Amino acid sequence: MATSQAELRQLSESATRHVLSKQGTDSGRRAGWLMISTILIESWDLYAISFLLLFIKPEFHPSDAILGLASGAVQLGALIGAVVGGWLADKFGRRKVFITTMTLFVILCLLQGFVANMWELVAVRLLLGIPLGSDISTGYAYIMESMPKGKREVMGNRWQGMFGLGEMIAIIVVTIMYLSGMNHDLLWRVGLALGAIPALALLIGRLNVPDTALWLVQHGKFKQAKAVAKQMFDDDLDMLPDEDFRLDRPKTRDFLASIWQDPIRRRASIFSWISNAMQGAEFAAFAFYLPTILVLTGVSSVGATNFLTAGLYVIATISGFVAPVVTPKLGHRGISQWGFGLAFVSLLAAALFLQLDWKPAVLLAAAVLMWGHYWDSSNGMTIASVVAPSRYKATASGFGYIFVKLASFVTIFFFPILFDALGIPLATVVVSVLSLIGFLAAKFILPEIYGYVEHDSEEVAVAGAAG
C-alpha cells in the first residue's frame, strides 16, 4: 500500500491522466452546461448597464468619470475575484466556492436596485464583480475536469455564444421595459436587479453537483473521488485504494514554475494571456461603445440603435455557437487566427467607412467584427484551463481571466478619452492593432493543443525515483 508522499503523488497523477482520457457521462455534460451558464449572468450585467446608464444619469447627475467607473467597477471586482476565487477553489474545492460565489452574486445583484447614490452603485458593482470573477475561474476548472478531451474544449469555447445570448436577452428586456412606459427611475433599478433571477436558478441547479474527481484525487480523498468518477466517467479508478490519505498541497507560488517548465504549457499559456487581453480590450473599446458610436456618427437614431444592436448580437451569438462546433476541424490555432484576422480587417474597414461617412457600410463592418470577435475570444480561457495541471487548474483559470478583466476595465474607462482626442475613425484604427497582435500571437506562439491531455512527466519520474 502506498504510504509515502511520493508514492501517493504518483498514484494521484496516474489517476488524473486516466480520468482525463476517459469518455464522459450525461452527468458530466450537465455539470458542464451549469458551469458555462455563468456567462449568461455576466453578460446580462455587463451589457444591461450600457443601456441603463442613460436612465441613471438624470437621477444622480454623475460626472463622465463616475459613469465610466460604474460601468467598469464590476470588471475590476472580477479581476480580484478571479485571483482569489481560483486560489480558494484549488484549496477548498470547486463546489464550496461556486455555491458561495453564486449566493453572494444573488444578494449583491439585488442590492444594485436599492442604492442611494453613484458611489454606492460603484461600491456594490465592485463587490459584485468579485463572486463573478471567482465563479468564472472555478467554472472553467470544473468543465476541464468533468468532461472528456475534445468535449471539454468545445464546452469551454461556448462561452462567447452564451455571452451573446445574455446580451440579446438584456437588450430585449431593457427595450421592453422602456417601451412599456416604466418610470425611468425605476427602470434602471429593476434592470440591474433582474440578474438575480437567473443567478438564483443557476444556484439551485448546482446544489446537487459534486466536487470534481480530479480535485478529490489531488487532495487524497480517494473514496469520494472513486464515487464521483463513477458518476462522471463511469469508471471506478481501480488503481486507487479505498481509503483516504493526506496529500501535501503544492504551494500556489509554484504555479507559474509548473507552467513554465513544459514548453507546450508555456507557449499555450502565454498565448491565452495575450489573447484574453486583446479580445477583452477589443470588445470593451468598440463593441461595448457600439450603441454610442452608431448614434454619435449618425448611423442610427437613439430609438433604432437598440434594434440594430440586437441584430448585430444575433449575428454574434450565432458566431459564438458556431466556433465550438468547428473547433475540432480548425483547431484552436485556426479559430484564433480566423477570429483575430476578421476583427482586424473589419476594424480597419469600419474606420475607413466612418471617415467616408458610408453609414450602411459601417453596419456591415460591425457585423463582420462581431463574427470575428466571437471567434477570437472563444478559446482564451479554454486554453489557459486545459493545459494547466489539475492541482493549479482553478488558479490558472483565474490568472487567465485577470487579463480579460484588466483589459476591459482599463479600456472601458479610458476609451471615451481616446475618442475625444483622436476622433472615432482614428481611435478605431488604434483598436485594430489589438486584433493584429492577437492574430500574430495565434500564428507564431500558440501550439495546437486540441485534445490535450494533462501530463506531469517530470514530477511522476521524480516521484517514481523517490519511491
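Residues numbered from 1 in each chain as written. Predicted model: local features only at pLDDT ≥ 70, side-chain atom pairs only at ≥ 80, totals over all residues. Heavy atoms only, no water.

1. Regarding the overall build of the protein chain
Stated formally: By the criteria applied, helices consist of DSSP H or I runs no shorter than four residues and strands consist of E runs no shorter than two, each listed in order from the N terminus. Radius of gyration here uses only the C-alpha atoms, and the compact-globule reference equals 2.2 Å multiplied by the residue count raised to the power 0.38. Buried, partly exposed and exposed residues are distinguished by accessible area as a fraction of the type maximum, computed with a 1.4 Å probe on protein chains only: under 20%, between the cut-offs, and over 50%, respectively. Only heavy atoms enter the contact rule, under which two residues are in contact if any of them lie within 4.5 Å. Residue burial considers only the protein chains on display, and all accessible areas are found by Shrake-Rupley using a 1.4 Å probe. Under this rule, positive means Lys or Arg and negative means Asp or Glu; His and the chain ends count for nothing. Note that the charge is assigned to NZ on lysines, CZ on arginines, CG on aspartates and CD on glutamates.
What the protein chain contains, in helices and strands, is 21 helices and zero strands. Since a compact globule built from 467 residues should have a radius of gyration of about 23 Å, the 22 Å found for the protein chain is in line with a globular shape. In terms of overall dimensions, the protein chain has C-alpha extents of about 75 × 45 × 35 Å along its principal axes. For the protein chain, the residues scored as buried account for 59% of the 467 residues in total. Of all intrachain contacts in the protein chain linking residues separated by at least 6 positions in sequence, the fraction that spans at least 24 positions is 84%. Counting every atom, the protein chain has about 17,500 Å² of accessible surface; 68% of that belongs to carbon and sulfur. A distance of 3 Å separates the average location of the 35 positive side-chain charges in the protein chain from that of its 34 negative side-chain charges.

2. Overview of the pattern of salt bridges
Where we set the bar: Think of a salt bridge as a Lys or Arg side-chain nitrogen and an Asp or Glu carboxyl oxygen that are within 4 Å of each other.
One pass over the full model with this rule turns up six salt bridges. Of the charged contacts, one joins Arg189 and Glu59 as a salt bridge, the two residues approaching to 3.0 Å between their closest N and O atoms. With Arg189 in helix 9 (residues 184-193) and Glu59 in helix 3 (residues 38-60), this residue pair connects regions lying 130 residues apart in the sequence. Of the residues examined, Arg189 reaches a relative accessible area of 16% and is grouped as buried. You can call Glu59 partly exposed: its relative accessible area is 26%.

3. Here we look at the confidence of the model for the protein chain
Parts of the prediction with low pLDDT should not have their coordinates interpreted in detail. Formally: One number per residue, pLDDT, summarises how confident the predictor is, and it ranges from 0 to 100.
On average, the protein chain scores 85 in pLDDT, and the residues at 70 or more come to 92%. Within the protein chain, helix 5 (residues 94-111) carries the highest mean pLDDT (93), whereas helix 21 (residues 457-466) carries the lowest (36). Long-range and interchain partners of residues 456-467, a stretch whose pLDDT sits below 50, account for 16 contacts in this model, where long-range means more than four residues apart.

4. Observations regarding helix 4 (residues 64-92)
Keep this limit in mind: Helices are assigned an expected span. That span is 1.5 Å times one less than the residue count. The term bend refers to the angle at a residue between two fitted axes, each drawn through seven residues, those ending there and those starting there.
Given a rise of 1.5 Å per residue, 29 residues ought to cover 42 Å, and the 41 Å separating the end C-alpha atoms of helix 4 matches this to within 8%. Within helix 4, the axis deviates most sharply at Gly72, by approximately 40°. Two residues or fewer past helix 4, Gly93 is found with a positive phi of approximately 110°.

5. Topic: the packing of aromatic side chains
Put simply, the test is: By convention, a stacked pair of Phe, Tyr or Trp rings (six-membered ring in the case of Trp) has centres within 6.5 Å and planes under 30 degrees apart, an edge-to-face pair has planes over 60 apart, and any other such pair is tilted.
All told, the structure shown has 13 aromatic pairs when counted by the stated rule. On the basis of an interplanar angle of 75° and a centroid distance of 5.8 Å, the ring pair of Phe98 and Tyr142 is categorised as edge-to-face. With a gap of 44 residues between them, Phe98 in helix 5 and Tyr142 in helix 6 (residues 118-146) connect regions that are remote in the sequence. Exposure remark for Phe98: the relative accessible area of 0% places this residue in the buried category.

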